[in-house]
Amino acid sequence: MNILDKIVADKRQEVDLKKSLITLPQLEASVMMERTSVSLAEVLRKSNSGIIAEHKRRSPSKSVINQSLSIQDVAKGYTNAGACGISVLTDGKYFGGSLDDLVLARASTNIPILRKEFIIDEYQIIEAKAYGADVILLIAAILSKEEIKTLSELAKGLGLDVLLEVHNEEELEKSLMPSLDMLGVNNRNLKTFEVDLDISKSLSVKIPDDFVKVSESGISSVKAIRDLKAFGYKGFLIGENFMKTDNPGENAKKFIDELKK
Ligand SMILES: O=P(O)(O)OC[C@@H](O)[C@@H](O)c1c[nH]c2ccccc12
């Protein structure tokens, strides 16, 4: 079994358990359900930097990135740096994140927050809204076309933006539909962890212009972003390059300032 299949199998068990602990009506009673979401796609369209900065403690490909910082400080730092949005990993087992991280990030910033999660069930989308997210991620590699449709339409109904992530042409072709706002190309293969920025470049021509194009993973230089912009990308998801430092916010600020020059 590859790592992605393992993550998804664990996630199914986790979601089943959670459904019995916190029921849908309980989730729907959250005050956050009344909050008006901020559209990341809109912010990216208007931005000339396009950085979505990620909070990530660890990952299956890197066992320690940064375990010592508070999510509040990271979220505030990214906000002060001028990031367009913040991505918060909520998976516990493989990424060391939690829904608490999402709540604390929400309390620390007003810029759009992406719930970075392996979403396989409608319950997780209600949960994203209930805990203060503005955007959800859907990963084409783990969902059927029908699931992408049902899940993205539910998210849109709640006012959330949808970022659909693909890694190859086949995933892209099955996924294109009007209920998506942003099309993300993951430069990292989630099954092998191999990273190649050329994936974003070669898939860009196949993404219709009505979607905001986002390039994800393995980005560590301003030069890489300038190259990707030439292929129509408006959003750039950066985790490790910021998180591996003692002050991700300050680092993101330097990066964004340089990008704006
Ligand atoms: O740390 P990086 O290489 O800058 O990557 C960030 C982000 O793209 C990556 O964490 C990611 C992209 N898609 C995902 C799906 C699940 C978990 C994590 C991810």
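Computed from a predicted structure; not experimentally measured.

(A) Quick peek at the nonpolar core. In this structure, A83, I136 and L138 are the most contacted members of the largest nonpolar core, which totals 67 residues. Setting aside its immediate chain neighbours within four residues, A83 contacts I51, I52, A53, Y78, I111, A252 and I256.

(B) Broad picture of the site of the ligand. Taken together, the neighbourhood of the ligand is formed by 15 residues, with E216, S217, L237, G239 and E240 sitting nearest. Counting residues per element, the ones that place at least two in the shell around the ligand are β8 (235-238) and α11 (240-243).

(C) Representation of the environment of A133. Position of A133 relative to the elements: it lies in the loop between α6 (122-130) and β4 (135-139). Along the chain, A133 and I113 lie 20 residues apart, while their C-alpha atoms are 5.2 Å from each other.

(D) Molecular detail of helix α5 (residues 99-108). Listed in full, the buried residues belonging to α5 are D101, L102, A105 and S108. One side of α5 holds all its buried residues, which, seen down the axis, span an arc of 130°. Exposed residues lying more than 90 degrees from the buried face of α5 are D100 and A107. Those residues of α5 that are buried lie in contact with β1 (51-55), α4 (71-81), β2 (85-89) and β3 (113-116).

(E) Focus on the pairing of strand β6 (residues 182-186). Of all 5 residues making up β6, 5 are buried, and the element is well covered by its neighbours. Where burial is concerned, the two faces of β6 agree: the one with M182, G184 and N186 and the one with L183 and V185 are both buried. The pairing of strand β5 (residues 161-166) with β6 spans 4 bridges and is classified as parallel. Residue pairing for β6: L164 is matched across the bridge by L183. Handedness of the β-α-β unit built from β5, helix α8 (residues 169-175) and β6 comes out right-handed. Pairing geometry for β6 and strand β7 (residues 212-216), over 5 bridges, is parallel. Bridge pairing links G184 to V214 in β7. As for the winding sense of the linkage, the β-α-β connection from β6 through helix α9 (residues 198-204) to β7 is right-handed.

Each value, and the rule that gives it
- Residues numbered from 1 in each chain as written.
- Predicted model: local features only at pLDDT ≥ 70, side-chain atom pairs only at ≥ 80, totals over all residues.
- Core = buried A, V, L, I, M, F, W, Y, C linked by C-beta atoms within 7 Å.
- Buried ≥ 20, exposed ≤ 12 C-beta atoms within 10 Å, placed from the backbone.
- Contact = placed C-beta atoms within 7 Å.
- Near = placed C-beta within 6 Å.
- Helix = DSSP H or I, 4+ residues; strand = E, 2+ residues; numbered from the N terminus.
- Arc of directions from axis to C-beta.
- Pairing = 2+ DSSP bridges.
- Right-handed = clockwise from strand over helix to strand, strands pointing away.

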